Amino acid sequence: MTGRVFLLGDNVDTDQLAPGQYMSGGIAELASHCLEGVRPDFAETVKPGDVIVAGRNFGIGSSREQAAEALKLLGIAGVVAQSFAGIFYRNAINLGLPVLTAADPSPVEDGDTVWLDIDNNLLDLSDKVRAVWLDPLPDNLKILLADGGLVPHLKKRLAAERKGKKA
Amino acid sequence: MMGTTLAQKIIARAAGRKSVTPGEIVTATVDLAMIHDSGGPRRVEPVLQELGVGLFDAQKVVLISDHFVPGETDEGARILELTRQWAKRRGVPFHDGEGICHVVLPERGHLKPGMFVVGGDSHSPTGGAFGAYMFGVGATEMAGVLATGEIWIKVPETIMIEWEGQLPRGVTAKDMMLKSCTRLGMDGGQYQAVEYAGSAVRALSMQERMTLSNMAAELGAQAGLIAPDETTAEWLRDVGGDPGDYAGLCTDPDAALLERHAFDASSLEPQAAAPHSPANSASVGEAGEVRIDVAYVGACTGAKYVDLKAAAEILKGRKAAPGVELLVAPASKRDQDRAAAEGILGALEEAGAKILPNACGICAGYGTHRLGEDVTCVSSTARNFKGRMGAASSKVWLASPYTVAASAVTGRLADPRDMLPEAVS
Ligand code: SF4
């Protein structure tokens, strides 16, 4: 599935992703204000399959899981950044939101049409001339993401184990 | 071959690998999982139900009630009841009302150097004082750990924080941490492993070391390690624990580090962190005239036996200033009993201290004791975020137990060094 690129800078923090003043309104309300401080058009125009490309320290700030949850709810296919804040990275993977590092995302421009090809470690640009190589994810995280996050992954795994025991 | 860090050694063992490299993501087996009443049963049980499984190993789980103890509110009482029922049903070791989780866990002999441990609380790095790799996770991840006994981890880089020299009297681990938070910033730890080293760290008692590791959380580190030594081993033997074979559990001299920060302990002065961040510290003398309403000696960070003892050194034979509320919530029952036996608790009470339950108390802000509108408090806790301990208009200054005690006496933020008893030589 292709999507559009939202290009952001360094240090996009959890308060920009999940603004504190809307925390009590539930995740849908929170998501509707996602990134409004840096990209006022974001929550309104984002479509499933879109990709965020950012600089360093994406997700810095608090440990609130809603920061990753909001992006997931809005249908973001994944975030590609030069680096991620540690807790955001954990939360994102566990919630099933692909987060990928790339040493040099500079060929990407805002509004580009792209396809996030996690299996081939590639952010494929539509003109097929440029491409961004992603740092490969280890298999354990690839499986987690493919299953949709920690809880669905465990469900699947534990069910398989139970079946294995019975057989 | 290049040397490795303490963090790498522990994680490699837990992941069943010969070695691991920083940045690499591995799946590791946990040796122990700690949960408390707030983030524990009430949050993890629904996930376990959803998964349709029990605990990976009930004997590798420790449950401690502290956040809602003593259950003063209806909600608190309900949560405690649920916690107790769960402990029985799931058959896990349970410490009920014995104190704050980060203090109870080691003092009941659950921790051992080299262990790989997860905790359902953000101050879980405290366990690093014992040479265990311990870090905090949220409730959903904890449920995953309880179901499988495993967790994925990105092998951290190590940031070495070195303190050389001898701490002056009246200056403590808490002052070291306020200084470090201010120098490095609250994300200076970059969710990597911080390791504390140097002669000043080696000289610290075990409980003072726990304060360093505890506040690795305020540095934004994943873990706050201290290589185990004879001090660690002796403390663990004392509480009936097992130090095991800890030789080699250290960072090799030639291991690659992300950063190295050097501090001088001998020139450190008592610190106070202005509202609303632990990274807002300066020496107490620079803070100017700050009148206080409440002096709080509490929390896993600042109400262990050594902290109570420090406060009593100042408060013995003195009284809290009129109008100042002096509150003391000893971090554990064991520490309180020891303080009582040694006359420390008595000295605090004579100074006018009100003794609160062995629990998180005002630090968690869940009970009936909360800071009122516009109240200014000086506190031995770890965090002074806006509204954490009560009204949004309340102001919390963070300081060492010595400084909290001295401030209680004068009614304003005060340097404790002027009030220390003559050193016995
Ligand atoms: S005393 Fe405070 S910092 Fe410690 S565990 Fe309780 S709430 Fe957290």
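Note that this is a predicted model, so its numbers are computed, not measured.

Chemist: Now, about the overall build of chain B: what can you tell me, with residues and values included?
Modeler: The secondary structure content of chain B amounts to 14 helices and 18 strands. Against the 2.2 N^0.38 benchmark of 22 Å for 425 residues, chain B shows a C-alpha radius of gyration of 21 Å, consistent with a compact globule. Across its three principal axes, chain B shows a C-alpha extent of roughly 60 × 50 × 40 Å. The buried share among the 425 residues of chain B stands at 63%. Looking at chain B alone, contacts between residues at least 24 apart form 76% of all its contacts between residues at least 6 apart. Surface summary for chain B: the accessible area is close to 15000 Å², and the carbon and sulfur share equals 48%. Taken as two groups, the 40 positive and 52 negative side-chain charges of chain B have centres that lie 2 Å from each other.

Chemist: Tell me what's going on with the sheet that holds strand β4 (residues 94-96) of chain B, and back it up with residues and numbers.
Modeler: Hydrogen bonds between backbone atoms are what pair the strands of a sheet, whose relative direction is either parallel or antiparallel. Residues and elements named next belong to chain B. A sheet is described by the order of its strands in space; here five strands give the open sequence β4-β3-β2-β5-β6, paired in parallel fashion. Unpaired on one side and paired on the other, β4 and β6 (133-136) mark the two borders of the sheet. Sheet twist, expressed as the average angle between the axes of neighbouring strands with direction ignored, equals 15 degrees. Across four bridges, the pairing between strand β5 (residues 116-119) and β6 is parallel. Following the sheet pairing, V118 is matched in β6 by F135. In this fold helix α5 (residues 139-148) packs onto β2 (32-36), β3 (61-65) and β5, with an angle of close to 135 degrees to the strand it touches most, β2.

Chemist: Got a sec to walk through the packing of aromatic side chains? Specific residues and values, please.
Modeler: Overall, the coordinates contain 12 aromatic pairs over all chains when judged by the stated rule. Ring geometry for W163(B) against F263(B): centres 4.5 Å apart, planes inclined by 15 degrees, an arrangement best described as stacked. Placement of W163(B) in strand β8 (residues 158-164) and of F263(B) in strand β11 (residues 259-264) is noted, with a sequence separation of 100 residues between them. Over the ring of W152(B) we find R90(A); its NZ or CZ atom is 4.3 Å from the centre of that ring.

Chemist: Give a description of helix α2 (residues 41-51) of chain B that names residues and reports values.
Modeler: Residue and element names in this part refer to chain B. Every buried residue of α2 is accounted for by P41, V44, E45, V47, L48 and L51. Down the axis of α2, the sector holding all buried residues measures 165 degrees, keeping them to one side. One or two positions beyond α2, positive phi appears at G52, with a value near 70 degrees.

Chemist: Just give me the short version of the nonpolar core, but keep the residues and values in it.
Modeler: I161(B), W163(B), M176(B), Y196(B), L212(B) and L348(B) are the most contacted members of the largest nonpolar core, which has 103 residues in total. At seven residues, helix α11 (residues 305-315) of chain B tops the list of elements feeding residues into this core. Residues lining this core come from more than one domain, with at least three contributed by each of domain 1 (8-264) and domain 2 (272-419) of chain B. Ignoring any residue separated from it by four or fewer positions in sequence, one finds I161(B) in contact with S180(B), L184(B), V194(B), E195(B), Y196(B), A197(B), L219(B), H261(B) and F263(B). The next biggest cluster of nonpolar side chains, apart from the first, holds 97 residues, and it includes L35(A), V51(A), L141(A) and A87(B).

Chemist: Now, about unusual backbone geometry: what can you tell me, with residues and values included?
Modeler: All names here are of chain B. Between V69 and P70 the backbone carries a cis peptide bond, its omega angle lying at 10 degrees. When you line up the elements, P70 lands in the loop between β3 and α3 (74-90). The amide bond that connects P275 to the next residue, H276, takes the cis arrangement and shows omega of 0 degrees. As for its placement among the helices and strands, H276 is situated in the loop between β12 (271-273) and β13 (281-283).

Chemist: So, the confidence of the model for chain A: which residues are in play, and what are the values?
Modeler: For chain A, the mean per-residue pLDDT works out to 92, and 98% of the residues sit at or above 70. Across chain A, strand β3 (residues 78-81) of chain A holds the top mean pLDDT of 98, while helix α7 (residues 150-166) of chain A sits lowest at 89.

Chemist: Hey, could you go over α11(B) for me, with residue numbers and the actual values?
Modeler: Residues and elements named next belong to chain B. Here α11 lies mainly inside the structure; eight of its 11 residues are buried. Turning to α11, its buried residues are Y305, D307, L308, A310, A311, A312, I314 and L315. Remark: G317 follows α11 within two positions and exhibits a positive phi of approximately 80 degrees.

Chemist: How would you summarise the domain arrangement of chain B if you had to cite specific residues and measurements?
Modeler: All names here are of chain B. Taken as a whole, chain B is organised into domain 1 (8-264) and domain 2 (272-419). Once you take the C-alpha centre of each, domain 1 and domain 2 turn out to be 24 Å apart. Of the residues lining the interface, 39 residues belong to domain 1; the matching set on domain 2 comes to 40 residues. A buried area of about 3100 Å², summed over both sides, lies between domain 1 and domain 2, and 61% of it is on carbon and sulfur atoms. When the buried surface of domain 1 facing domain 2 is broken down by residue, I100, K174 and Q207 rank first, second and third, together holding 19% of it. R383 is the partner of E218 in a salt bridge, and the nearest nitrogen-oxygen pair spans 2.6 Å. Inspection of the region where domain 1 meets domain 2 yields 19 residue pairs in polar contact (both at pLDDT 80 or more). Every element with two or more residues in the side of domain 1 that touches domain 2 is listed here: α4 (101-107), α6 (173-184) and α8 (206-214).

Calculation notes
- Residues numbered from 1 in each chain as written.
- Chains lettered and ligands numbered in written order.
- Predicted model: local features only at pLDDT ≥ 70, side-chain atom pairs only at ≥ 80, totals over all residues.
- Heavy atoms only, no water.
- Helix = DSSP H or I, 4+ residues; strand = E, 2+ residues; numbered from the N terminus.
- Rg over C-alpha atoms; globule rule 2.2 N^0.38 Å.
- Buried < 20%, exposed > 50% of the residue type's maximum accessible area, 1.4 Å probe, protein only.
- Contact = heavy atoms within 4.5 Å.
- Areas by Shrake-Rupley, 256 points an atom, 1.4 Å probe, with all protein chains shown as cover.
- Lys, Arg positive; Asp, Glu negative; His and termini not counted.
- Charge placed at Lys NZ, Arg CZ, Asp CG, Glu CD.
- Pairing = 2+ DSSP bridges.
- Axes fitted to C-alpha atoms, helices over the stretch in contact; angles between N-to-C directions.
- Phe/Tyr/Trp six-rings, centres within 6.5 Å; stacked < 30°, edge-to-face > 60°.
- Lys NZ or Arg CZ within 6 Å of the ring centre and 35° of its normal.
- Arc of directions from axis to C-beta.
- Core = buried A, V, L, I, M, F, W, Y, C linked by side-chain atoms within 4.5 Å.
- Domains from an automatic or database assignment.
- pLDDT = per-residue confidence, 0-100.
- Buried area = accessible area lost by both parts, 1.4 Å probe.
- Salt bridge = Lys/Arg side-chain N within 4 Å of Asp/Glu carboxyl O.
- Polar contact = N/O pair within 3.5 Å; in protein donor to acceptor, adjacent residues only side chain to side chain.

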